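A closer look at the structure
One-letter residues, chain by chain:
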Amino acid sequence: MMLFLIPAALIAVARHLSFRVEYESTELVIRSGMVFRNVRHIPYSRIQNLEAVRNVFHRAFGVVEVRVENASGKETEATISVLPLAAFDEMRRRVMEGRARTLAGGPVEPTTTEAAVAAPAPAAAEQTLVHLPVRDLLLFGFIENRGLIVIGALYGLLWEYGPLSRLWSHLLDETAYGSGLLRDTVRRGLNGQLPPARQVAIALAGLAGFLVVVRLVSMVWAAIRLYDFRLSHVGDDLRTQFGLLTRVSTTIPVRRIQTITFRDSPLHRLAKRVSVRAETAGGQAGTPGGVVDREWLAPLVRVGDLPLIMRTIAPELDLTTIAWQPVHTRAFHRVVRPALAWGIALPAMCAPVAGWWAAALAPFTLGWFVVAARKRVAAIGWAATEDAVMFRRGWLWRVVTVARVTKVQAVARRESPFDRRWFMARLRADTAGASERSVRVDIPYLPADVAVRLQQRLAAGAARTDFKW
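The sections below set out a description of the structure shown in this document. Every value quoted in this text rests on a predicted model; they were computed, and no experiment measured them.

**Some points on the overall build of the protein**
- Regarding its fold elements, the protein presents 16 helices and 19 strands.
- Within the protein, the fraction of its 469 residues that count as buried is 42%.
- Residue pairs in contact within the protein that sit at least 24 positions apart in sequence constitute 56% of those at least 6 positions apart.
- Just so you have it, the protein exposes about 25600 Å², and 64% of that area is on carbon and sulfur atoms.

Spelled out as structure tokens, the structure:
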């Protein structure tokens, strides 16, 4: 098997020997390849991020993997696998200097002279905005509860075939219940039979143990993945650093932040915390390379610390003085009708299996769907100022999205047949780099005349803007 590694090692050495990085006056030039030459010219002003990833082996050899991302965001523009730490610091400094010169419109003198290398420009002051200790990371993992499906599948396999099956066999009568205890309990309940109290207690204990294991695994994952999370403000950029085993350092240009999203759940509100995300002009959620992690401005931050973050990102916005506007007054009447239909259909579909239990639960399902519809409509709100348009939704899991008018690329007004029937419209404001998975300003159930005026207002503001990447 070692013989197959020899060609791969030779190719890696050849790729390393043919790889060159040059710092021109206005662009970064990357040359690679021996047989097929590849030359990439990346303007400094278009570089979205220099992401540094250091796993255990990188730290052991004092190198770093650098991913160069441009504003298109489709894929990583270039990847440098083994760059010395000193060379990475120099690359980041030269890119920042070249970008500053290009954006300022000043002279674009090359920075490759010996004087520039010997006397580098003074580093900008670094201001720490968010620093999460292990306690907050454990709290974040408890709130997020990641990995439920994977842990559930693993737990089920261990229950059926592994140690958990043998463990539970000592706690219950294997001849009566065996590994199918949960199935037997559910089957008895659906058949209208009352399971034995001991069987129900064991099933509930197993469910509680499963939920506890999922929370613990999520907390450990968050502590390892986001260890020593730090958000800093350096010059015109935001920098994040995190990771215990794999250390990640990323850069988020403030001017390329398109939308800001605040998320909170009942557990967030109980802990007086909120999660903050940012979508940039070059970020596509879900692409390889840690883009999703880079979008975390603050996985968990105290509500009282939000003003400091907002003053850094968008000093012209004051969220505490926002006057939220409701949607159409008849939005609840429109939403509650399908909710009532579901409240009746759900017990009817369960009646052949659950019997009279379905009829007994029908009033509760109807009441829940009606309350949920009212809460859902009441939670929807929007606001528009001279500088931004905002949208909020959700009453249990709340989401607030803020998009600055200077970043709006297109404004769309949509009217479905149901919208026209109720004299409503849906308004959506798209920003640069937005995808179908992006969190955007998408306001439903607006009065038709209000939607028209808001569209004209946002379109006029976007047209007056000289958009810059």
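Further notes follow.
**Here we look at helix α12 (residues 306-313)**
- If you check which residues of α12 are buried, you get Leu306, Ile309, Met310, Thr312 and Ile313. One face of α12 carries all of its buried residues, which in axial projection span an arc of 160 degrees.

**What about the environment of Arg247?**
- Residue position: Arg247 is located in strand β10 (residues 247-253).
- Relative accessible area serves as the criterion here: at 19%, Arg247 is assigned to the buried category.
- In this structure, the C-alpha to C-alpha distance between Arg247 and Arg54, residues 193 residues apart in sequence, is 4.9 Å.
- If we skip the residues at most four places from it in the chain, Arg247 touches Ala52, Val53, Arg54, Arg59, Tyr227, Asp228, Gln241 and Phe242.
- Within the structure, Arg247 has its side chain in polar contact with the side chain of Asp228 (distance 3.2 Å).

**Comments concerning the packing of aromatic side chains**
- In total, this model carries 2 aromatic pairs according to the counting rule given.
- Between Phe229 and Phe242 the ring centres are 5.9 Å apart and the planes differ by 25 degrees, which places this aromatic pair in the stacked class. Placement of Phe229 in strand β8 (residues 229-234) and of Phe242 in strand β9 (residues 237-242) is noted, with a sequence separation of 13 residues between them. Phe242 shares its class with Phe229; the two are buried.
- Measuring from ring centre to ring centre gives 6.0 Å for Trp368 and Trp395, while their planes differ by 50 degrees; the resulting arrangement is tilted. With a gap of 27 residues between them, Trp368 in helix α14 (residues 356-379) and Trp395 in the loop between β15 (388-393) and β16 (398-404) connect regions that are remote in the sequence.

**Overview of unusual backbone geometry**
- The phi angle at Asp228 is positive, at roughly 55 degrees, despite the residue not being glycine.
- When you line up the elements, Asp228 lands in the loop between α9 (197-225) and β8.
- Of the residues examined, Asp228 reaches a relative accessible area of 25% and is grouped as partly exposed.
- Although it is not a glycine, Lys272 adopts a positive phi angle of roughly 60 degrees.
- Within the fold, Lys272 resides in the loop between α10 (266-271) and β12 (273-280).
- Given a relative accessible area of 62%, Lys272 falls into the exposed group.

**Details of the side chain of Asn49**
- Looking at where Asn49 falls in the secondary structure, it is placed in strand β4 (residues 47-54).
- Among the polar contacts listed, one links the side chain of Asn49 to the backbone nitrogen of Thr251, at a separation of 2.7 Å.

**Structural notes on the sheet that holds β12**
- Taken together, 6 strands build an open sheet; the order of strands is β13-β12-β11-β16-β15-β14 and the sheet is antiparallel. Two strands lie at the open edges of the sheet, namely β13 (296-302) and β14 (381-384), each paired on one side alone. Adjacent strand axes in the sheet meet at a mean angle of 15 degrees when their direction is disregarded.
- Bridging between strand β11 (residues 257-264) and β12 involves 6 bridges; their strand directions are antiparallel.

**Describing a nonpolar patch on the surface**
- Together, Val56, Phe57, Phe61, Val134, Val220, Ile224, Tyr227, Leu244 and Leu245 make up an exposed nonpolar region whose accessible area comes to about 890 Å².
- Residue assignment for the nonpolar patch shows that the elements contributing at least two residues are α2 (56-61) and α9.
- When residues of the nonpolar patch are assigned to their parent elements, the largest contribution, 3 residues, is made by α2.
- Looking at the element boundaries, Val56 is found in helix α2.

**Some remarks on the pattern of salt bridges**
- Scanning the model with the defined rule gives 19 salt bridges in all.
- A salt bridge links Glu90 to Arg94, with the shortest nitrogen-to-oxygen separation between them at 2.8 Å. Here the residue Glu90 and the residue Arg94 both occupy positions in helix α3 (residues 85-104), the gap between them amounting to 4 residues, near one helical turn.
- According to the relative accessible area criterion, Glu90 is partly exposed, its value standing at 28%.
- Given the relative accessible area of 4%, Arg94 is considered buried.
- Within the structure, one salt-bridge network assembled from shared partners comprises Glu51, Glu65 and Arg67.

**Overview of the packing of helix α5 (residues 134-144) against α9**
- Look at α5 against α9: their axes get within 7 Å of each other, and the N-to-C directions meet at 135 degrees. With respect to each other, α5 and α9 are oriented oblique. In this structure, α5 meets α9 at a crossing whose hand is right-handed. On the side of α5, the interface is formed by Leu137, Leu138, Phe140, Gly141, Phe142, Ile143 and Glu144, while α9 contributes Arg215, Ser218, Met219, Ala222 and Ala223.
- Partitioned by chemical class, the residues of the contact of α5 with α9 number 8 nonpolar, 2 polar and 2 charged.

**Some words on the sheet that holds strand β2 (residues 27-32)**
- With antiparallel pairing, the 3 strands of this open sheet are ordered in space as β1-β2-β3. Two strands close off the open sheet at either side, each with one partner strand: β1 (20-23) and β3 (38-43). In this sheet, neighbouring strand axes are inclined to one another by 15 degrees on average, regardless of whether the strands run parallel or antiparallel.
- As defined by bridge partners, β2 adjoins β3 across 6 bridges and the pair is classed as antiparallel. Note that in β3 the partner of Glu27 across the bridge is Pro43.

Scoring rules and cut-offs
- Residues numbered from 1 in each chain as written.
- Predicted model: local features only at pLDDT ≥ 70, side-chain atom pairs only at ≥ 80, totals over all residues.
- Heavy atoms only, no water.
- Helix = DSSP H or I, 4+ residues; strand = E, 2+ residues; numbered from the N terminus.
- Buried < 20%, exposed > 50% of the residue type's maximum accessible area, 1.4 Å probe, protein only.
- Contact = heavy atoms within 4.5 Å.
- Areas by Shrake-Rupley, 256 points an atom, 1.4 Å probe, with all protein chains shown as cover.
- Arc of directions from axis to C-beta.
- Polar contact = N/O pair within 3.5 Å; in protein donor to acceptor, adjacent residues only side chain to side chain.
- Phe/Tyr/Trp six-rings, centres within 6.5 Å; stacked < 30°, edge-to-face > 60°.
- Pairing = 2+ DSSP bridges.
- Axes fitted to C-alpha atoms, helices over the stretch in contact; angles between N-to-C directions.
- Patch = residues over 30% accessible without salt bridge, like charges linked within 9 Å, V, L, I, M, F, W, Y side chains within 5 Å.
- Salt bridge = Lys/Arg side-chain N within 4 Å of Asp/Glu carboxyl O.
- Parallel < 35°, antiparallel > 145°, perpendicular 65-115°, else oblique.
- Left-handed = near helix turned anticlockwise from the far one by under 90°.
- Nonpolar A, V, L, I, M, F, W, Y, C, P; charged D, E, K, R; others polar.

That's the geometry; what it means functionally is another story.
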